Structures are given as C-alpha cells and as structure tokens.
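# Reading the structure
Chain residues, written in single-letter form:
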Amino acid sequence: MARPESLSAPESGADAVPRPELSVVVTLFEEGATLEELHRRLTTALEAFGRAYELLYVDDGSTDGTFQKLERIHADDARVRAVRLKRNAGQHPAMHAGLSRARGTIVVTMDGDLQNPPEDVPRLVEAVEAGYDVASGRRAARHDSWGRTMPSRLINGMLRRFTGVDITDFGCAFNAYRRDAVEPMLGAIGRQKFTKALVLSGGASVVEVDVGHAPRQGASSYTPLRLTRLALHVLAGFWPQPIQTAGILLGTVCSLASLALGVYGLVYWISREDFPGPLLLGALVVAVLGVQGFILALVGEHLGRIQRVVEHRPLYLIDREL
C-alpha cells in the first residue's frame, strides 16, 4: 500500500548497519536508458574516493522500466537503496524523499540525466569537509539553450535578492550538504522549490565549486510556461510577504496621489473660484484604490497564515522501497 513521505529516515534493516560517511541522492525520471552508465560511473568515482558511501536512487514515477533496473542494481550492490514514488511528483519532492532517508554525514544531490558528471562528486564532498555547510555546484560552462539560460539568470537574480546569499547558480541540483544543515529544513523541502536556496536561507555557510555540464540528451521538461510558473513560485516562496508588499505599495502610491490631486483641486477651486468636479472625483477614486491596496495587504497576511496552517497534504506517496 502506498505510504506518505516521512521527515526522517524510516525504520528499516539498513538502520542496523553503521552510518556511511557519504550519501548520494539521485533523482530519476524516465532515465532507464542511461541508468546503468550512471551507476557504473558513480561507483567507480566513489570507490576511488575511498569514503564509505550509500547510493539512494529515487524513481519519480517513471514508466520506462527505470525501477526494474534499480531492482537488479540493488540485488547486486548492498550499498544501493531505491525508492519509487506512486506518481510523478516533481524533482523537489523526489529530492525530499531521498534526503529524508539519507544516512550519511555528508549528502550529495544530483539528477540522473548525466548532465553533471558523477566524477565531480569527490570535489563537492571535499569542499564540505573543508568546513563549509554547503558546496554549491556551479555550471561554469553551461550547455543549455538561451531559452533555459535567460530565465535561469532572472530566477538566480531574484533568489540572490530574496535570500541575501550571493552565489551564481541556485538552479544546479548537483550539490553537497552537511547533514545537520539539511535536517532543519526537511519540513519545507519539496513544498518549496530550490532546495539549495532553502538551506542557505537558514544561514548555512557555502562555497561554490565549478562542476561539469554536458548537453542534455532529449528535450528538456522545462517549457516556457513551466519556467514562468517557476519564477512565480520564487516570488511566492522566497519574497517575504509578496501580497502585503504589493498592497502596501499600491496603498501608499494611491494615497499620496490622492492627497496631491485633492490639494491641487482645492487650490484650483480657491484661486479660480471654479469647482473642479472631475479632478476631485479622480482624487476620490484614487483614494479608494489606496484603501483597497491596504485591504489587499491585510488579506495577504491572513492568507499567508492560513496557508501555513492548512498545507499538510503529503508531497508524494511511496510505491516501493528497496
């Protein structure tokens, strides 16, 4: 039977063995064609690195036989764990499913599409071992179309502004985290996109690490509409109280404009002894808009409080777990 997500590693036989130094969480969606190459390159890089590790693959509701291949990989390698979600929940809920089960002191996250080379995992881990909470992957030579890179620059700019963290690439999912920096944010990861931005917004220290980036094989799932929705999500999720801010701005501007028009109308009336009816009517309309702006800010505050209280539905349901 499908089970909802948990906020900590579930009780299982895996808990009886010592915790590994390193967990690598890989989110997968329709990656059956490249999964075996991904696993081979990951294990080669990690065995050469010499840290005790586990691989935690999260199948985000694939229909191309990805999980069947994971079953075979798991049977051959005890360091491999796998989770299959009941349906496609999206990259960030899938990442939550992996992070909440990861047992390593350091956790690396990555997509399974091989755009980021698994051989760069040790460089990210070494950056965290040097004393940072987060090693932020930076796609220094990004191989994406302008339709992806331009919106990405806009979103990165917004996240730098809203989080106060001056890093280049918030959208890169190839990162390493100290476990105790991630755990306090598990309740928000998945519900908010941009896991790295959430962790950094809590005050975690960060260093950027250049990572490789290969052209994507096949079409990207990020359409212009989806990128637009992503930008709106950033505004709603990271801009502190956006409705309140818009309402206060509207109310302030309209109130000042109404005051200016009203004063001008009265001066005009007194000096020319001609009642400026349309002008004062316009001032009244603008004043009403100002009041509506402040009401909008108040409504936004109440909506924000309601959302935080009632948003308890599960991010995903677990279909199978190995």
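The shown structure was predicted, so the numbers you read here are calculated from the model rather than taken from an experiment. (Residues numbered from 1 in each chain as written. Predicted model: local features only at pLDDT ≥ 70, side-chain atom pairs only at ≥ 80, totals over all residues. Heavy atoms only, no water.)

This part takes up helix α4 (residues 121–129). Taken together, the buried positions of α4 are occupied by V121, P122, L124, V125, A127 and V128. For α4, the secondary structure elements touched by its buried residues are β2 (22–28), α1 (35–49), β5 (106–111), β6 (134–139), β7 (175–178) and β8 (206–211). Of the residues trailing α4, G131 is marked for its positive phi of about 125°. (Buried < 20%, exposed > 50% of the residue type's maximum accessible area, 1.4 Å probe, protein only. Helix = DSSP H or I, 4+ residues; strand = E, 2+ residues; numbered from the N terminus. Contact = heavy atoms within 4.5 Å.)

So, on to helix α3 (residues 91–99). Counting buried positions along α3 yields nine of nine residues, so the element is predominantly enclosed. The set of residues buried in α3 consists of Q91, H92, P93, A94, M95, H96, A97, G98 and L99. Turning to α3, the residues buried within the fold contact β2, β3 (53–59), β4 (80–85), β5, α6 (179–182) and α7 (195–201).

Summed over all chains, the structure comprises 18 salt bridges. Here R123 makes a salt bridge to D120, at a shortest N to O gap of 3.8 Å. A relative accessible area of 39% means that R123 is categorised as partly exposed. When its relative accessible area of 11% is taken as the criterion, D120 is described as buried. Through salt bridges that share partners, D59, R84, K86 and D319 make up one connected network. (Salt bridge = Lys/Arg side-chain N within 4 Å of Asp/Glu carboxyl O.)

This part covers the nonpolar core. Counting residues in each nonpolar core, the largest one holds 34 residues, and the members touching the most others are L85, L99, F170, V182, I189, V199 and L200. Breaking this core down by element, the ones donating at least two residues are β3, β4, α3, α5 (146–163), α6 and α7. Excluding residues within four positions of it along the chain, L99 makes contact with V25, V107, T109, V182, L186, I189 and T195. Counting residues in hydrophobic clusters, the runner-up holds 32 residues, among them L114, V125, A135 and V211. (Core = buried A, V, L, I, M, F, W, Y, C linked by side-chain atoms within 4.5 Å.)

The next subject is the packing of α1 against helix α2 (residues 66–76). At their nearest, the axes of α1 and α2 sit 10 Å apart, and the two run at 35° to each other. Like other packed secondary-structure pairs, α1 and α2 cross with a definite hand, here right-handed. Residue-level contacts link L35, E36 and H39 of α1 to T66, K69, L70, R72 and I73 of α2. (Axes fitted to C-alpha atoms, helices over the stretch in contact; angles between N-to-C directions. Left-handed = near helix turned anticlockwise from the far one by under 90°.)

Here D113 shows up in the loop between β5 and α4. For D113, a relative accessible area of 17% translates into the label buried. Here the side chain of D113 touches Q115 through a polar contact of 3.1 Å, landing on its backbone nitrogen. (Polar contact = N/O pair within 3.5 Å; in protein donor to acceptor, adjacent residues only side chain to side chain.)

A separate point is the environment of V199. Its location among the elements puts V199 in helix α7. Distance from V199 to L186, taken between C-alpha atoms, is 9.2 Å for residues 13 residues apart in sequence. Setting aside anything within four residues of it in sequence, one finds V199 in contact with V134, Y177, A181, V182, M185 and A204.

Moving on, we come to the side chain of Q91. With respect to the secondary-structure elements, Q91 resides in helix α3. There is a polar contact of 3.5 Å between the side chain of Q91 and the side chain of H92. Side-chain polar atoms of Q91 contact the side chain of D111, separated by 2.8 Å.

Judged by side-chain polarity, L281, L284, V285, V288 and L289 come together as a nonpolar surface patch covering roughly 440 Å² of accessible area. By secondary structure assignment, the location of L289 is in helix α10 (residues 277–310). Its relative accessible area of 39% is what places L289 among the partly exposed residues. (Patch = residues over 30% accessible without salt bridge, like charges linked within 9 Å, V, L, I, M, F, W, Y side chains within 5 Å. Areas by Shrake-Rupley, 256 points an atom, 1.4 Å probe, with all protein chains shown as cover.)

Turning our eyes to something else, we now look at unusual backbone geometry. The backbone of E30 sits at a positive phi, close to 55°, despite the residue not being glycine. Within the secondary structure, E30 is located in the loop between β2 and α1. Note on E30: relative accessible area 30%, which makes it partly exposed. A positive phi angle is found at L114, which is not glycine, with a value near 65°.

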